[in-house]
Amino acid sequence: MVEVGLGRVGLERHGEPVERIPTPQRLVDWLEVYGLAVDSCTTDQLQLARELRESIHAAATAAALGEALPAPAVQVINDRSVRGRAAAVLTPEGERRWRLGPDSRVEDALGVIAADAVSIIAGERDGRLALCASPSCGAAFFDASQSRTRRWCDMNICGNRQKKARLQARRRGNSDSAG
Ligand SMILES: [Zn+2]
């Protein structure tokens, strides 16, 4: 499951924008982690990935807020989903794996991510769409935890950052009252 696709390689949302997929190679590496290994990636294909990421972000954010889905974002997600040629296959261990087209194109991998986003935004998965509580992030994420109380898109990144900020604020507060 690719969660709300490409979310974690997204831009910092409300803070300084940081492009986390600056090069085609970074996209190749990221896709491989999610079991979507591609042979190569051009800058044009990287552009497609970024466009899809922004569209999923826009649509998932609207869905999380209960707002109407932005039509251009829906269009991009649908286009990518239609153009992918990946197929779900079963491993001998009974797990689902994606097999991309014969030449393992980036478009096939993006098709999987787009289809994944469709099923999540359409509410077909067991979970809840939510927005990251970190003020510098705000990324849409998919909460599949049992309690449905996850607050951050990534505990290790946004969750820790928040904890550190709170700790620092408390320390500042203490030294103020002491001094
Ligand atoms: Zn976050």
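Taking an unreviewed UniProt entry as the reference, the chain is identified by name as Zinc finger CGNR domain-containing protein belonging to Streptomyces triticirhizae.

A. Looking closely at the overall build of the chain. The number of helices and strands found in the chain is five helices and four strands. Overall, the chain shows an N-to-C arrangement of helices and strands of α-α-α-β-β-α-β-β-α. The burial tally for the chain puts 32% of its 179 residues in the buried class.

B. Just the environment of Pro 22, in detail. As for its position among the elements, Pro 22 is in the segment before helix H1 (24–33). Classification of Pro 22 by C-beta neighbours within 10 Å gives exposed; the count is 11. Sequence separation between Pro 22 and Leu 46 is 24 residues, and the spatial gap between their C-alpha atoms is 8.8 Å.

C. Region of the structure containing H1. When we look at burial in H1, the residues that qualify are Leu 27, Val 28 and Leu 31. Taken end-on, H1 shows its buried residues confined to a sector of 100 degrees, consistent with a single buried face. Within H1, the exposed residues directed more than 90 degrees away from the buried face are Gln 25, Glu 32 and Val 33. Within two residues after H1, Gly 35 carries a phi angle of roughly 70 degrees, on the positive side.

D. Molecular detail of the packing of helix H2 (residues 43–65) against helix H4 (residues 106–121). Relative to each other, H2 and H4 sit at 0 degrees, their axes nearing to 11 Å. Viewed along their axes, H2 and H4 adopt a mutual orientation that is roughly parallel. Contact residues: H2 offers Gln 45, Leu 48, Ala 49, Leu 52, Ile 56, Ala 59, Ala 60 and Ala 63, while H4 offers Val 106, Leu 110, Ile 113, Ala 114, Ala 117 and Ile 121. Residues of the contact of H2 with H4, tallied by class, amount to 13 nonpolar, one polar and no charged.

E. Highlighting the pairing of strand S1 (residues 87–90). Examined bridge by bridge, S1 and strand S2 (residues 96–99) share four bridges and lie antiparallel to one another. Paired with Ala 87 across the two strands is Arg 99, which belongs to S2. The hairpin formed by S1 and S2 contains five residues between the paired strands, and Gly 94 there has a positive phi angle of roughly 85 degrees.

F. Just the nonpolar core, in detail. The biggest cluster of nonpolar side chains holds 39 residues, and the ones touching the most others in it are Val 38, Leu 52, Ile 77, Ala 109 and Ala 117. Where this core is concerned, the elements lending two or more residues are H1, H2, helix H3 (71–83), H4, strand S3 (128–131) and strand S4 (140–143). The leading source of residues in this core is H4, at ten residues.

The rules behind each value
- Residues numbered from 1 in each chain as written.
- Predicted model: local features only at pLDDT ≥ 70, side-chain atom pairs only at ≥ 80, totals over all residues.
- Helix = DSSP H or I, 4+ residues; strand = E, 2+ residues; numbered from the N terminus.
- Buried ≥ 20, exposed ≤ 12 C-beta atoms within 10 Å, placed from the backbone.
- Arc of directions from axis to C-beta.
- Axes fitted to C-alpha atoms, helices over the stretch in contact; angles between N-to-C directions.
- Parallel < 35°, antiparallel > 145°, perpendicular 65-115°, else oblique.
- Contact = placed C-beta atoms within 7 Å.
- Nonpolar A, V, L, I, M, F, W, Y, C, P; charged D, E, K, R; others polar.
- Pairing = 2+ DSSP bridges.
- Core = buried A, V, L, I, M, F, W, Y, C linked by C-beta atoms within 7 Å.

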